[in-house]
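Okay, here's what each chain looks like letter by letter:
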Amino acid sequence: MVSFYPGPSQVHEAVSTYMQDAFHNGILGINHRSPEFVSICKRAITAMKNKLAIPEDYTVFFTGSATECWEIIAQSLITDGSFHWHNGAFGERWFQNTRYINPKAKSIAFDPESEPVFTDIATPRDALLAITQNETSNATQVGMDQLRILRKACPDALIAVDATSSMGGIALDFSLGDVWLASVQKCFGLPAGMGIMVCSPASLSRARAIQKDGYYNSLTAMADRMEDWQTTYTPNVLNIYLLMRVMEMAPEIHKTHARLEGQSQSWQRLVDQTRAFSWLIENKNVRSTTVMALKGRPEDLSKIKKLALEKGYLLGNGYGKWKNDTFRIANFPAHQEKDIKQLQELIGNYK
Ligand SMILES: *Cc1c(COP(=O)(O)O)cnc(C)c1O
């Protein structure tokens, strides 16, 4: 079966070989303070920085999940409150989770059909601004041009960006944010169970200034360890190894971006011609490249999901308040052309 769920999703075909290599090369039992681990960690991060065009002076960290990254940000980087723009379930949950830790967190909801408005925002100088770049629940995205406006409007603020379902799939301009978070079971095409956090020098200086040590994952402690290519706790060594293999083989991100963008456009043309299904989001400009959400009658949704499953394709259910009248399709790098073509044929011919 091929999973088109927007996470956990299909893993890269080569993961099968990489996992066996890990087993046969004794990677699975290595100590996380050993030179073998340090070498894998360093190679994984170096390949990731090269392929995804992450600035040299940014630091990459491994965590348990993207959700954990929300908590690390709330505990280690917020002093004078945070501002959370959201238009869907993940952005809202990030706000809610942060509010438990920092009651001053502020929520700014915006319409999924429009871009967030980043002008005229009056935030304290050292606020943290949180934005979900790719909202997996309703398949919308915030463009780099928008993030550039935010960066200009608030040059002193720290900007945290949830790119969980886009990092590794589209070209992100990392210089426009200070903390970028993701998890490997989406665009990285890896087994679930590891988060990634990419931090600017400014965010690490802020963490040092705040010095909130003593949490399970305090950013200061993580940064200390990462100077030696290590983690604060015993990490998911297998996933770090797999990330290394996948990133070393990956084309550079602009190529992947162009491929996914082309696929996304072929989906747009196809869906525009179907009768049973339409886009959840009408405004093309805010639709996500990596996750698609299609609307239809509940009976058509269950029928198409069943038909797809018979052909070996798992479609994603709708999420949150869009659960009953939408389904989602991931457009991730690990998805192969032949499978996309077959699924498109199925959906295009559905009557
Ligand atoms: C999947 C997802 C998360 C949660 O990721 P976990 O690794 O399960 O913690 C957070 N934000 C967005 C936008 C997501 O798509």
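What this report covers is the structure whose coordinates are included nearby. Model, not experiment: these values are computed from the prediction.

**Considering the overall build of the protein chain**
Moving on, step 1. The helix and strand tally for the protein chain stands at eleven helices and 15 strands.
Moving on, step 2. Its C-alpha radius of gyration of 20 Å places the protein chain within 12% of the 20 Å reference for a compact globule of 351 residues.
Moving on, step 3. Dimensions of the protein chain, computed from the C-alpha atoms along their principal axes, are close to 60 × 55 × 30 Å.
Moving on, step 4. Across the 351 residues of the protein chain, 56% fall into the buried class.

**Things to note about the nonpolar core**
Moving on, step 1. Counting 82 residues, the largest nonpolar core has Met48, Met167, Trp180 and Phe188 as the members making the most contacts within it.
Moving on, step 2. In contact with Met48, other than residues within four places in its own chain, are Ala53, Ile54, Val60, Met167, Phe188, Ile196, Val198, Leu243 and Met247.
Moving on, step 3. Of all hydrophobic cores here, the second largest spans 22 residues; its members include Val271, Ile304, Ala308 and Phe327.

**Observations concerning the packing of aromatic side chains**
Moving on, step 1. Considering all chains together, one arrives at eight aromatic pairs under this definition.
Moving on, step 2. With a centroid separation of 5.2 Å and an interplanar angle of 40 degrees, the aromatic rings of Phe277 and Tyr350 are classed as tilted. Of this pair, Phe277 sits in the loop between helix H9 (253–273) and strand S11 (278–279) while Tyr350 is found in the segment after helix H11 (337–348), placing the two residues 73 residues apart along the sequence. The same class applies to Phe277 and to Tyr350, which are both buried.
Moving on, step 3. Through a chain of ring-to-ring contacts, the aromatic side chains of Phe277, Phe327 and Tyr350 assemble into a single cluster.
Moving on, step 4. Over the aromatic face of Phe90 sits the side chain of Lys186, whose NZ or CZ is 5.3 Å from the ring centroid.

**Here's the deal with the state of the cysteines**
Each disulfide is one covalent bond, formed between the sulfur atoms of two cysteines.
Moving on, step 1. Enumeration over the complete set of coordinates arrives at zero disulfides.
Moving on, step 2. Take Cys199: it sits in no disulfide, and the sulfur closest to it among the cysteines is that of Cys69, at 8.3 Å.
Moving on, step 3. According to the relative accessible area criterion, Cys199 is buried, its value standing at 0%.

**Considering the site of the ligand**
Moving on, step 1. Residues in close proximity to the ligand total 13 residues, the closest being Thr67, Thr136, Asp162, Ser183 and Lys186.
Moving on, step 2. Thr136 places a polar side-chain atom, nitrogen or oxygen, 2.4 Å from an oxygen atom of the ligand.
Moving on, step 3. In this structure, a nitrogen atom belonging to the ligand sits 2.7 Å away from a side-chain N or O atom of Asp162.
Moving on, step 4. Starting from 390 Å² of accessible surface for the ligand in isolation, the protein chains cover 87%.
Moving on, step 5. By residue number, the principal contributor to the shell around the ligand is helix H3 (residues 66–76), which donates three residues.

**Remarks on the pairing of strand S15 (residues 326–330)**
Moving on, step 1. Of all five residues making up S15, five are buried, and the element is well covered by its neighbours.
Moving on, step 2. Both faces of S15 are covered, namely the face carrying Thr326, Arg328 and Ala330 and the face carrying Phe327 and Ile329.
Moving on, step 3. Sheet analysis places strand S12 (residues 291–295) next to S15, joined by five bridges and oriented antiparallel. Paired with Val291 across the two strands is Ala330, which belongs to S15.

**Topic: the pattern of salt bridges**
Moving on, step 1. Under the definition given, this model contains eleven salt bridges.
Moving on, step 2. For Asp21, the salt bridge is made with Arg245, and the minimal N-O distance between the two is 2.8 Å. Taken as a pair, Asp21 in helix H1 (residues 15–24) and Arg245 in helix H8 (residues 237–249) lie far apart in primary sequence, 224 residues in all.
Moving on, step 3. Here Lys306 and Glu310 are joined by a salt bridge, their closest N and O atoms 3.8 Å apart. Of this pair, Lys306 and Glu310 both sit in helix H10 (residues 298–310), four residues apart, which is roughly one turn of that helix. Considered together, Lys306 and Glu310 belong to a single accessibility category, that of exposed residues.

**Quick look at the environment of Ile253**
Moving on, step 1. With respect to the helices and strands, the residue Ile253 is situated in helix H9.
Moving on, step 2. Under the relative-accessibility criterion, Ile253 is labelled buried at 3%.
Moving on, step 3. Each C-alpha atom, one on Ile253 and one on Lys51, is 5.8 Å from the other, the two residues being 202 residues apart in sequence.
Moving on, step 4. Beyond its immediate sequence surroundings of up to four residues, Ile253 is in contact with Lys51, Leu52, Gly168, Gly169, Ile170 and Ala171.

**A few points about helix H4 (residues 89–101)**
Moving on, step 1. Spanning 13 residues, H4 covers 19 Å between terminal C-alpha atoms, matching the ideal 18 Å at 1.5 Å per step.
Moving on, step 2. Looking only at H4, the buried set comprises Phe90, Gly91, Trp94, Phe95 and Thr98. For H4, the angular spread of the buried residues around the axis is 145 degrees, confining them to a single face.

**Quick notes on the sheet that holds strand S10 (residues 195–199)**
Moving on, step 1. Spatial strand order, S2-S10-S9-S8-S5-S3-S4: seven strands in an open sheet with mixed pairing. Sheet topology places strand S2 (59–63) and strand S4 (106–109) at the edges, where each strand pairs with a single neighbour. Sheet twist, expressed as the mean angle between neighbouring strand axes with direction ignored, is 20 degrees.
Moving on, step 2. Note that strand S8 (residues 158–162) and strand S9 (residues 179–183) share three bridges and pair parallel. When the bridges of S9 are listed, Val161 appears paired with Trp180.
Moving on, step 3. Strands S2, strand S5 (128–132), S8, S9 and S10 of the sheet are contacted by H3, whose axis makes an angle of about 155 degrees with S9.
Moving on, step 4. Strands strand S3 (82–86), S5, S8 and S9 of the sheet are contacted by helix H5 (residues 144–153), whose axis makes an angle of about 160 degrees with S8.

Calculation rules
- In this convention, every chain numbers its residues from 1, walking through the sequence in written order.
- With the structure being a predicted model, the display of local features is reserved for residues of pLDDT at least 70 and the display and counting of side-chain atom pairs for 80 or more, all residues being used for whole-chain, interface and lining totals.
- As a rule here, side-chain values come from all non-hydrogen atoms in the structure, and water together with hydrogens is ignored.
- Helix and strand assignments come from DSSP, with helices taken as H or I runs of at least 4 residues and strands as E runs of at least 2, each series counted from the N terminus.
- C-alpha atoms define the radius of gyration, and 2.2 Å times the number of residues to the power 0.38 defines the globule rule.
- Burial classes: relative accessible area under 20% of the type maximum marks a residue as buried, over 50% as exposed, and values in between as partly exposed (1.4 Å probe, protein chains only).
- The set of buried Ala, Val, Leu, Ile, Met, Phe, Trp, Tyr and Cys residues whose side-chain atoms join them within 4.5 Å is what this entry labels a nonpolar core.
- Note on definitions: a residue-residue contact is assigned when non-hydrogen atoms from the two residues lie within 4.5 Å.
- Two rings belonging to Phe, Tyr or Trp (six-membered ring only in the last case) form a pair when the distance between their centres is within 6.5 Å. Interplanar angles under 30 degrees mark stacking, angles over 60 mark edge-to-face geometry, and anything in between is tilted.
- Ring-over charges, as used throughout, are those where CZ of Arg or NZ of Lys falls within 6 Å of the ring centre and within 35 degrees of the ring normal.
- The term disulfide is used for any two cysteine sulfur atoms that are within 2.5 Å.
- Here a residue is near a molecule or strand as soon as one of its heavy atoms is found within 4 Å of it.
- Under the rule applied, a polar contact is a pair of N or O atoms within 3.5 Å (in protein, one hydrogen donor and one hydrogen acceptor; residues adjacent in sequence only if both atoms are side-chain atoms).
- Areas reported as accessible are Shrake-Rupley estimates using a 1.4 Å probe. Residue values count occlusion only from the protein chains shown.
- A pair of strands is considered paired only if DSSP assigns at least 2 bridges between the two.
- Definition used for salt bridges: Asp or Glu carboxyl oxygen within 4 Å of a side-chain nitrogen of Lys or Arg.
- How far a helix is expected to stretch is found by multiplying one less than its residue total by 1.5 Å.
- The directions considered for the arc run from the helix axis to the C-beta atoms.
- Axis lines are fitted to C-alpha atoms, over the contacting stretch for helices. Their N-to-C directions set the angle, which ranges from 0 to 180 degrees.

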